[in-house]
Amino acid sequence: MFLHQQSTTPQLIPTRFLWRYGGNQVFLCGSFTRWVDTVPMQTVEGSPGLYSCVVSLPPGYHQYKFIVDGEWRHDEAQACLPDPMGNVNNWIFVKAVDAQSAGQVPLNLNRPSNTSNVNFVRGEEHKRSAPDGDTDMETSSSAAESSMLIIGDEVSFTRQKVAEFLSSHTAYELVPDSGKVIILDTQLRIQTAFHALYEQGIPAAPLWDSVRRQICGMISASDFIDAINKIRLSSAKSQIFEELDAHTIATWRARKASQSPLKKLVWLAPEENLKNAALICLKGNCSLVPIIAIGGKSNENDKSDMRLLHLASLSAILSFLSRHFKSSMVAFPLLARPLDSLPIGTWQVSKDKN
């Protein structure tokens, strides 16, 4: 689990959490795990439907929630409050224990004999007593063996968690369950192509070269503007649209290629992880990048078999990230900081001199 780093080692109080409403798999998640990591809860022997775990927490207020069979749940019988995103979370206040008296409080022995009161912090064993009202830790061996990671820099922490998340998911996960993709043949006239973009309400579309049977590039509104500007310099004003209508996408691309090399197509394979996908969008300065599956089972490198699956974008990656953490946006501490404290944008906050 993940705790905010303090200037001194914080006092950790073993605190029991209970889920009384059954389920096949139950996990605990909360502000003390940055809403990212989860703590498995174990069934209590002789109490069907009751799950329990104990987590060592620093004194103070903490919010938490349960994940029951993959669904976020809160305990309506316990204290709860809404977060800024409109989600309802349980909360608990952990009292500090006097260091001198803490060692005199006996451990609660009302637990199965196969459990342990050993917490693991940075790989070291710390045996702690539980104050009145709290019980010692009851966790599975897998949970006990996981070390706590103390991280203080919220920016670095958020960057690390985003990078880990994006690295573990692929571009294929951006493809919706249902939808449509628009691809334009290079034999279309330029004016017809841009009417198609307008009617479909899309800013850009991939191009299909029917001769080479490949996706060869992208076309966008900026290409249309570029074509008009270049024709305007060499034709009378009244003939601009006539000449524009005389060009197909293929002939216009050939004309541009004779002047300077065309840009290479920037694309993503479905198995590309989302971290690399974001970097490809940024480095290529691309607002939309096609996700293309190449080849089949017989020949995975057969470029004559190119299938357009979807168009990826940075906004689509951010939406995917947001959907995954919609119930726990506080998993990213950076998002809780004021906008003017972040080194983004070109604006500056004006300060009142009075």
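Not measured: the values here are computed from a predicted model.

**Quick look at the packing of helix α8 (residues 274-283) against helix α9 (residues 314-324)**
- Close contact between α8 and α9 brings their axes to 10 Å; oriented N to C, the two are set at 150°. One way to sum up the angle between α8 and α9 is to call them roughly antiparallel. Viewed along their axes, α8 and α9 form a crossing whose handedness is left-handed. On α9, the residues touching L274, A277, A278, C281 and L282 of α8 are L314, I317 and F320.
- Grouping the amino acids of the contact of α8 with α9 by side-chain chemistry returns 8 nonpolar, no polar and no charged.

**Some thoughts on the sheet that holds strand β5 (residues 42-44)**
- Pairing is antiparallel in the open sheet, where 3 strands are placed in the order β2-β6-β5. The sheet is open, and its two borders are formed by β2 (13-19) and β5, each paired with just one other strand. Averaged over neighbouring strand pairs, the angle between their axes works out to 40° when direction is ignored.

**Thoughts on the pairing of strand β15 (residues 204-209)**
- Judged by how many residues are buried, β15 sits mostly within the fold: 6 of 6 residues are covered.
- Read from strand β14 (residues 184-185) through helix α4 (residues 190-200) to β15, the crossover connection turns out right-handed.
- In this structure, β15 lies alongside strand β16 (residues 214-220), joined through 6 bridges in antiparallel fashion. Bridge assignment links D209 to a residue of β16, and that residue is Q214.
- Connecting β15 to the next strand, β16, in antiparallel fashion are 4 residues, including R213 with a positive phi near 55°.

About the criteria used
Residues numbered from 1 in each chain as written. Predicted model: local features only at pLDDT ≥ 70, side-chain atom pairs only at ≥ 80, totals over all residues. Heavy atoms only, no water. Axes fitted to C-alpha atoms, helices over the stretch in contact; angles between N-to-C directions. Helix = DSSP H or I, 4+ residues; strand = E, 2+ residues; numbered from the N terminus. Parallel < 35°, antiparallel > 145°, perpendicular 65-115°, else oblique. Left-handed = near helix turned anticlockwise from the far one by under 90°. Contact = heavy atoms within 4.5 Å. Nonpolar A, V, L, I, M, F, W, Y, C, P; charged D, E, K, R; others polar. Pairing = 2+ DSSP bridges. Buried < 20%, exposed > 50% of the residue type's maximum accessible area, 1.4 Å probe, protein only. Right-handed = clockwise from strand over helix to strand, strands pointing away.

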